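The residues making up each chain are set out below.
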Amino acid sequence: MKRIFTISVAAVMALLMVLSLTACGNSTLGYYKLTSAEASGMSFDSSTLAAVGMDKGYILLKEDGKAKLSAAGQEQELTYDDKNFTAGSESIPYTLKDGVITMEKDGTKLVFTFDANFKPESSDSESSK
């Protein structure tokens with residue numbers, strides 16, 4: 001069981017880096033904290049994400065159609081519209097409803113929840129602009 005958990009967590013982390021994101025629409029700007037993930041039939045809630053060091057993941061939506069994804073120690077600049085996040089030539093569909101961004105691709109689902117009080121540790125007072 002421990003091996004399956006480790007493999008699943010590694011798969012989620014790898015997918016986060018490969019996908020390099022996916023987030024929101026053009027409704028509410030600001031920080032959305034990673035609150036849950038599903039991959040390979042495993043579910044990770046916020047306490048499980050914290051236990052494996054992934055509780056600091058977030059998406060920052062800026063008003064200029066740009067976003068920043070931070071997960072598993074990696075940061076990626078993205079662009080977004082009302083349906084997709086885009087990094088390079090890769091687009092990842094998402095939904096934004098009631099302050100929750102949900103992205104799904106290739107059997108992996110990531111959920112980010114708006115948090116007006118969230119400030120990443122490595123942020124140098126980044127605003128939502």
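- Per an unreviewed UniProt entry, the protein carries the name Lipoprotein and comes from Ruminococcoides intestinale.

### A look at the overall build of the protein
- When helices and strands are counted, the protein shows two helices and nine strands.
- Out of the 129 residues in the protein, the part that is buried amounts to 37%.
- A fraction of 62% describes how many contacts in the protein between residues 6 or more apart in sequence connect residues 24 or more apart.
- In the structure as shown, the protein presents an accessible area of about 7000 Å², 49% of it carried by carbon and sulfur atoms.

### Describing the pattern of salt bridges
- Counting across every chain of the model gives four salt bridges.
- Put simply, Lys56 and Asp55 hold a salt bridge, and the shortest N to O gap is 3.9 Å.
- Given the relative accessible area of 43%, Lys56 is considered partly exposed.
- Among the ionic pairs, Lys68 bridges to Glu75, the shortest N-O distance being 3.8 Å.

### A word on the pairing of strand E9 (residues 108–114)
- One ladder, built from six bridges, connects strand E1 (residues 30–39) with E9; its direction is antiparallel. Residue Tyr32 lies in a different strand from E9, and its bridge partner there is Phe114.
- Where strand E8 (residues 100–105) and E9 come together, six bridges link them in antiparallel fashion. Bridge assignment links Val100 to a residue of E9, and that residue is Thr113.
- In this antiparallel pair of consecutive strands, E8 and E9, the connection spans two residues, and Asp106 shows a positive phi of 50°.

### Points about the packing of aromatic side chains
- In this structure the tally under the stated criterion is six aromatic pairs.
- Relative to Phe118, the ring of Tyr31 has its centre 5.8 Å away and its plane inclined at 70°; by these criteria the two rings are edge-to-face. Placement of the pair is Tyr31 in strand E1 and Phe118 in the segment after E9, with a sequence separation of 87 residues.
- On the accessibility criterion, Tyr31 (5% relative accessible area) is buried.

Thresholds applied
Residues numbered from 1 in each chain as written. Predicted model: local features only at pLDDT ≥ 70, side-chain atom pairs only at ≥ 80, totals over all residues. Heavy atoms only, no water. Helix = DSSP H or I, 4+ residues; strand = E, 2+ residues; numbered from the N terminus. Buried < 20%, exposed > 50% of the residue type's maximum accessible area, 1.4 Å probe, protein only. Contact = heavy atoms within 4.5 Å. Areas by Shrake-Rupley, 256 points an atom, 1.4 Å probe, with all protein chains shown as cover. Salt bridge = Lys/Arg side-chain N within 4 Å of Asp/Glu carboxyl O. Pairing = 2+ DSSP bridges. Phe/Tyr/Trp six-rings, centres within 6.5 Å; stacked < 30°, edge-to-face > 60°.

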